[in-house]
Amino acid sequence: AVGGFGLCGIPEALITALKDTGAKDLTCISNNAGVDGFGLGLLLETKQIKKMIASYVGENKEFERQFLNGELEVELTPQGTLAEKLRAGGAGIPAFFTQTGVGTLIAEDKEVREYHGKEYILEESLTADVALVKAYKADKAGNLIFRKTAQNFNPVCAMAGKISIAEVEEIVEIGELDPDAIHLPGIY
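Residues numbered from 1 in each chain as written. Predicted model: local features only at pLDDT ≥ 70, side-chain atom pairs only at ≥ 80, totals over all residues. Heavy atoms only, no water.

Draft legend 1. Local environment of the nonpolar core. Within the largest apolar cluster, 21 residues are counted, with the highest numbers of intra-cluster contacts made by A1, I29, L82, L86 and L144. For this core, the secondary structure elements donating two or more residues are α4 (79-91), β7 (128-139) and α5 (154-160). The contact partners of I29, leaving out residues within four places of it in the chain, are A1, V2, I53, L82, L86, L126, T127 and A128. With 17 residues, the next largest nonpolar core counts L14, I15, A54 and F63 among its residues. (Core = buried A, V, L, I, M, F, W, Y, C linked by side-chain atoms within 4.5 Å. Buried < 20%, exposed > 50% of the residue type's maximum accessible area, 1.4 Å probe, protein only. Helix = DSSP H or I, 4+ residues; strand = E, 2+ residues; numbered from the N terminus. Contact = heavy atoms within 4.5 Å.)

Draft legend 2. Inspection of the layout of surface pockets at higher detail. Considering only enclosed or pocket space, the largest pocket measures out at about 300 Å³ in volume. If you list the elements that add at least two residues to the lining of the largest pocket, you get β1 (26-29) and β7. (1 Å grid on protein atoms, 1.4 Å probe; cavity = no way out; pocket = protein on both sides within 12 Å on 5 of 7 lines; lining within 4 Å. Points joined across faces, edges and corners; volume = space filled by probe spheres on them.)

Draft legend 3. α4, seen in detail. The terminal C-alpha atoms of α4, which comprises 13 residues, lie 18 Å apart, in line with the 18 Å expected from a rise of 1.5 Å per residue. Taken together, the buried positions of α4 are occupied by T81, L82, K85, L86, A88 and G89. Seen along its axis, α4 keeps its buried residues to an arc of 165°; they face one direction. Taken together, the buried residues of α4 touch β1, β2 (49-54), β3 (73-76), β4 (95-98), β6 (118-124) and α5. (Expected span 1.5 Å × (residues − 1). Arc of directions from axis to C-beta.)

Right under this line is the structure:
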């Protein structure tokens, strides 16, 4: 799972470090697939990603080329559903029902139930072996503060990861962060 929203708040250094490992056949969960030459686009250029689970992929020509040539498996997920799938996975919830996607291709092969006269589809939650996130500030216990739109997907990616690695701009001593300002506790 790779945090960020668009290109805002993406863990640039961690993506580059992952690229440099040469790891292949990766399944990446992220709000988007980066752009050519930046973000997850770097891993697409080296063909390290085999499957992309994302809500937006429209600015990456290499992504498009690989998908159209059958070189890349893609699972498009509505943005709010993707965020909830990650949050639920991090909370230990295996699945949940949502109205988003009812009556569309998103609902294909998914369980449908009616509640209070409305149809809902069952969505399975997501977890990741590793989560890469970008934060503004961390203390040495791993408590994180995100800046602006970097709050959108970074916390839920970290929650869903069995191991979370945070790239941060500043590290402070334990106790220096106001507990009310912490967006993600170090337990994740």
